[in-house]
Amino acid sequence: MNLKKVDQIIDKYGGEKSWLVMILQDIQQEFGYLPPFALERAASKLGISPSQVYNVATFYSSFSLTERGRHLIRICDGTACHLRGSVNIRGELKRQLGIGAGQTTSDKEFTLEEVACLGACALAPVMTIDSEYHGSMTIYKVKAKLDQYK
Amino acid sequence: MRLQVRKENLVKLASPEQLERYRNKLQAARRQDKPCITICGGTGCRAGRGLDVARVFRDILKKKQFDRRVDIQITGCHGFCERGPLVVIQPKGILYVSVTPDDVQEIVAASIEHDEVVERLTYKDPGTKRRIFHEMEIPFYANQQRIVLANNGKLDPANIDDYIAVGGYASLAKVLTRMQSDEIVELVGKSGLRGRGGGGFPTGHKWRACREAAGYPKYVLCNGDEGDPGAFMDRSIMEGNPHSVLEGMAIGAYAIGSDRGYIYVRHEYPLAVENLVIAIRQAEEYGLLGNNILGTDFSFKVRISRGAGAFVCGESTALMASIEGFSGEPRAKHIHTSEKGVFGQPTTLNNVETWANVPLIIDKGWEWFANMGTKTSTGTKVFSLVGKVKNTGLVEVPMGITLRHIIFDIGGGVAANRSFKAVQTGGPSGGCLPEDQLDLPVDFDRLTEAGSMMGSGGMIVMDDRTCMVEVARYFTHFLSKESCGKCTACREGLLRMYELLDGITSGRGTIEQIELLEEVGLYVRDNSLCGLGKTAANPTLSTLKYFRDEYRAHVVDKKCPAGVCKELTTFDIDVKMCTGCGKCVKSCPVEAITGKKKAPHSISQDKCIKCGMCRETCPFNAVITL
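Computed from a prediction, not measured in an experiment: that's the story for all the values here. (Residues numbered from 1 in each chain as written. Chains lettered and ligands numbered in written order. Predicted model: local features only at pLDDT ≥ 70, side-chain atom pairs only at ≥ 80, totals over all residues.)

As for the overall build of chain A
Per the secondary structure count, chain A includes seven helices and four strands. What you see in chain A, going N to C, is helices and strands ordered as α-α-α-α-β-α-α-β-β-β-α. If you line up chain A on its principal axes, its C-alpha atoms span 50 × 30 × 25 Å. Buried positions account for 43% of the 150 residues belonging to chain A. (Helix = DSSP H or I, 4+ residues; strand = E, 2+ residues; numbered from the N terminus. Buried ≥ 20, exposed ≤ 12 C-beta atoms within 10 Å, placed from the backbone.)

Set out below in structure tokens:
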């Protein structure tokens, strides 16, 4: 229960409740997800209700209230990526890792998320692993990309 | 990674004259004829290891002791992402495409040590098969009119000196010393500039309303959410020329009487956030942002607010709610945000591209801007041309140019020479237009009349292997998930529309359901509060209008003519066309194809996952869909 870390994050934003979204992002960056104790701490330090914090934490799709794997794979399902076969890449990821969008492998190594658009549309289909971009993806490239992180 | 090490020079420009002197000093120090290797540092080229290419260039130049006589510059996004990593050798303007770290040695030997060109790395025109060496002669670039994107390839976004050297902040200085705020508003009004985010609202009107509103403080906001999938114009501007946005916002702030602002950036654009943060810091160090800009009474402070994954936060009131720390629920605009916006204060919100146009209009005048484009849609527009097109990337052209010109003359036509089926414009709020609409001019009004819209500039080309019903299903699914949930029509209606479309694409649809789909679509359109709900039915309604036959095929014949909907498609091999070359066997990810060499092959339907890779790979068109 690292309350000190949460407090530091909130203090960085001057304890201002209008920065809630970015505070939650920094908390997620620190812990890998949004742990309940951090949300309650944020509520009390910012002077807002826990339900308000949960409202925001569950509204925005980048927040996760459950622990995620060591590596985060984001597969883009934007229009350009969709047209160029992102569903096949997703299918191959399922074959390789056994997980679908929103799931984590049982060894807690990989979490797969679907995103609406990463803005690299000319390289469709695109996926990111941690913060690295992998463009012009094909079914055949998936295994090799995953191996880089194993 | 920055290759140019900036000296910690304590430059503080305390007056417009000091800015001009500093600019002259920078320009004099930069010899126009000195060779410079510019490497695109945008997200797309980085994905292709562009930064590794840059690193190898630096190492090789250092080893050969060329580093004093040749500059290296990592620039903003050039917008030709599919051909990246892009390297341009200035001042000659030789463009190398798809450069890998292993190519660098050869490039240095040819283009730097000798006056030669590495032909195999130059652009090859897909139509004429000719090699084109000079960047500006390539039809993709030559047919564009780049004013907003003009400097992306010429400056390092992490170095403010580059922006100043090409004339940056001269417009802000002009405004602060020689113009009154109402003059600025009038000038922007006369230019005819309309919101580039898709709304197309006249910018001058917006500024005037905010200027006249009562209250302090007033806010200036930049909408960098760019939620439309397939659109990356704003990403390119924020990453590649962040100061153009800052300068525009500062001018706007001065015009309306604001001293503070936010740039709202989607969190999926980390490089844009990083470059904006650097740019703000450097501009503040130089006295071009912050308190007493250029020694005047005018102060303007900007902060970055990140999105967290919500398409609806591109809507103005939802964006403001997000900045205030709430979830992004839009509100009805009986009271305009120019009177009561973020934190209940008078607010001017404009899109990234809109802001980037402002310094140019101040510099070159309203007539220069109004003379481009059409009477009611002046200036240029940046489009992101993607999908099944040969040249994908960012295209900036004057408004009024036809869809055909953009897709065929600049885009090079449909990829793999397949046939054109439709172009989707305006993101999820837009619609799909078929071939007979290709001569429509692209501006704020004409595409809307045809059932689509220009929107923020996303332009997605579709070929005969795209299923239009599946496209409607895709967009409706997206919008249904992104609905904030406030309005029953949007929340429930989109979900039902998605269920109907999902049923149709899975083979469970009926004719009556198509009529029901239309009815629900109109209901959603007419009973939703915000732009998301109001336009959410467009993808469905426009495909029903132009591609109704395809819907009928799905429900009556239970077939998907494009061969996309998996439950309605069977892949098979035509034994008359198959030569037994075996390419399909290698392409199948689940080993579903078998056959002896030089004999017709066959697909095991039990194993087949309908991915279509065999059809893509077969050189003899032997793979057919039933």
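Notes on the overall build of chain B
Secondary structure summary: chain B contains 25 helices and 19 strands in total. Taking 2.2 N^0.38 as the reference for a compact globule, 626 residues should give roughly 25 Å; the C-alpha atoms of chain B span a radius of gyration of 26 Å, in line with that estimate. Principal-axis analysis of the C-alpha atoms gives chain B an extent of 80 × 65 × 40 Å. Out of the 626 residues in chain B, the part that is buried amounts to 54%. Put simply, 71% of the contacts in chain B that link residues at least 6 apart link residues at least 24 apart. (Rg over C-alpha atoms; globule rule 2.2 N^0.38 Å. Contact = placed C-beta atoms within 7 Å.)

With respect to the packing of helix 8 (residues 181–191) of chain B against helix 9 (residues 203–212) of chain B
All names here are of chain B. Running from N to C, helix 8 and helix 9 cross one another at 155°; their axes reach a closest spacing of 7 Å. Classified by the angle their axes make, helix 8 and helix 9 are roughly antiparallel. Classified by chirality, the crossing of helix 9 by helix 8 is left-handed. Contacts between helix 8 and helix 9 involve S181, V185, V188 and G189 on the former and, on the latter, T203, G204, H205, W207, R208 and R211. Partitioned by chemical class, the residues of the contact of helix 8 with helix 9 number three nonpolar, five polar and two charged. (Axes fitted to C-alpha atoms, helices over the stretch in contact; angles between N-to-C directions. Parallel < 35°, antiparallel > 145°, perpendicular 65-115°, else oblique. Left-handed = near helix turned anticlockwise from the far one by under 90°. Nonpolar A, V, L, I, M, F, W, Y, C, P; charged D, E, K, R; others polar.)

Considerations on the pairing of strand 13 (residues 420–425) of chain B
Residue and element names in this part refer to chain B. Most of strand 13 sits inside the fold, with five of its six residues counted as buried. Pairing of strand 13 with strand 15 (residues 458–463), which is carried by five bridges, proceeds in the antiparallel orientation. Bridge pairing in strand 15 places F420 opposite D463. Bridge count between strand 13 and strand 14 (residues 431–434): four bridges; the pairing is antiparallel. Bridge assignment links Q424 to a residue of strand 14, and that residue is C432. (Pairing = 2+ DSSP bridges.)

Section: the domain arrangement of chain A
Looking at the assigned domains, one finds that chain A contains domain 1 (3–59) and domain 2 (71–147). Measuring from the centre of the C-alpha atoms in domain 1 of chain A to the corresponding centre in domain 2 of chain A gives 29 Å. (Domains from an automatic or database assignment.)

Quick look at the domain arrangement of chain B
Residues and elements named next belong to chain B. Structurally, chain B comprises domain 1 (32–137), domain 2 (160–370), domain 3 (380–463), domain 4 (468–557) and domain 5 (570–625). The C-alpha centroid of domain 2 is placed 33 Å from the C-alpha centroid of domain 1. Of the residues lining the interface, five residues belong to domain 1; the matching set on domain 2 comes to six residues. Looking at the side of domain 1 that touches domain 2 residue by residue, the classes come out as one nonpolar, four polar and no charged.

Points about the environment of E550 of chain B
Here E550 of chain B is to be found in helix 23 (residues 548–557). Here E550 of chain B is in contact with M468, V469 and P561 of chain B, once residues within four sequence places are set aside.

A few points about the nonpolar core
The biggest cluster of nonpolar side chains holds 230 residues, and the ones touching the most others in it are A120 and V126 of chain A together with I406 of chain B. It is helix 11 (residues 242–256) of chain B that provides the largest number of residues to this core, a total of nine residues. Beyond its immediate stretch of four places on either side in the chain, I406 of chain B contacts F383, L385, V395, V397, I401, G411, V442 and M459 of chain B. (Core = buried A, V, L, I, M, F, W, Y, C linked by C-beta atoms within 7 Å.)

Some words on helix 9 of chain B
Residues spaced three or four apart along an α-helix face the same direction, because each turn holds 3.6 residues. Residue and element names in this part refer to chain B. Burial in helix 9 covers these residues: T203, G204, K206, W207, C210 and R211. Buried residues in helix 9, looked at end-on, bunch into an arc of 160°, giving them a common side. Tucked inside the fold, the buried residues of helix 9 contact helix 8, helix 11, strand 10 (347–351) and helix 14 (352–364). (Arc of directions from axis to C-beta.)

As for the packing of helix 1 (residues 3–12) of chain A against helix 3 (residues 36–46) of chain A
All names here are of chain A. Contact geometry for helix 1 and helix 3: axes closest at 10 Å, N-to-C directions at 45°. One finds that helix 1 runs oblique with respect to helix 3. Relative to helix 3, the crossing made by helix 1 is right-handed. Between helix 1 and helix 3, the contacting residues are L3, V6, D7 and I10 on the first element and A38, R41, A42, K45 and L46 on the second. Residue classes in the contact of helix 1 with helix 3 are distributed as six nonpolar, no polar and three charged.

Some words on the confidence of the model for chain B
All names here are of chain B. Within chain B, residue pLDDT values average 94, and 98% of them lie at 70 or more. Note on residues 1–5: pLDDT under 50 across the span, and eight contacts to partners over four residues away in sequence or across chains. We note a pTM of 0.95 for the whole complex and an ipTM of 0.93 for its interfaces. (pLDDT = per-residue confidence, 0-100.)

Some remarks on the sheet that holds strand 4 (residues 94–96) of chain B
Residue and element names in this part refer to chain B. Taken in spatial order, the four strands of this open sheet run 2-1-3-4, and their pairing is mixed. Single-partner strands in this sheet number two, and they are strand 2 (71–75) and strand 4. Strand-to-strand twist of the sheet, defined as the mean angle between neighbouring strand axes without regard to direction, takes the value 20°. Across four bridges, the pairing between strand 1 (residues 36–40) and strand 3 (residues 87–90) is antiparallel. Along strand 3, the bridge assignment pairs T38 with V88.

Some details on the sheet that holds strand 7 (residues 219–224) of chain B
By way of backbone hydrogen bonds, the strands of a sheet pair with one another, either parallel or antiparallel. All names here are of chain B. One open sheet holds the four strands; their spatial order is 9-8-7-10, and the pairing between them is parallel. Whereas interior strands pair on both sides, the edge strands pair on one side only; in this sheet they are strand 9 (301–306) and strand 10. Mean inter-strand twist for the sheet, computed between neighbouring axes without regard to direction, equals 20°. Where strand 7 and strand 8 (residues 260–265) come together, six bridges link them in parallel fashion. When the bridges of strand 8 are listed, Y219 appears paired with R260. Against the sheet, helix 12 (residues 270–285) touches strand 7, strand 8 and strand 9, its axis set at about 165° to strand 9.

A closer look at the interface of chain B and chain A
The partner chain A presents 37 residues to the 45 residues of chain B that form the contact. Sorting the residues of the side of chain B that touches chain A by element identifies helix 2 (43–47), strand 9, helix 13 (316–323), strand 11 (380–387), strand 15 and helix 18 (468–482) of chain B as the ones contributing at least two each. When grouped by side-chain class, the residues that make up the side of chain B that touches chain A number 20 nonpolar, 17 polar and eight charged.

Quick notes on the environment of M233 of chain B
Residues and elements named next belong to chain B. Summarising the element assignment, M233 is placed in helix 10 (residues 233–240). A tally of 29 C-beta atoms within 10 Å means that M233 is categorised as buried. Taking C-alpha positions, M233 is 6.4 Å from V382, a pair spaced 149 residues apart along the chain.

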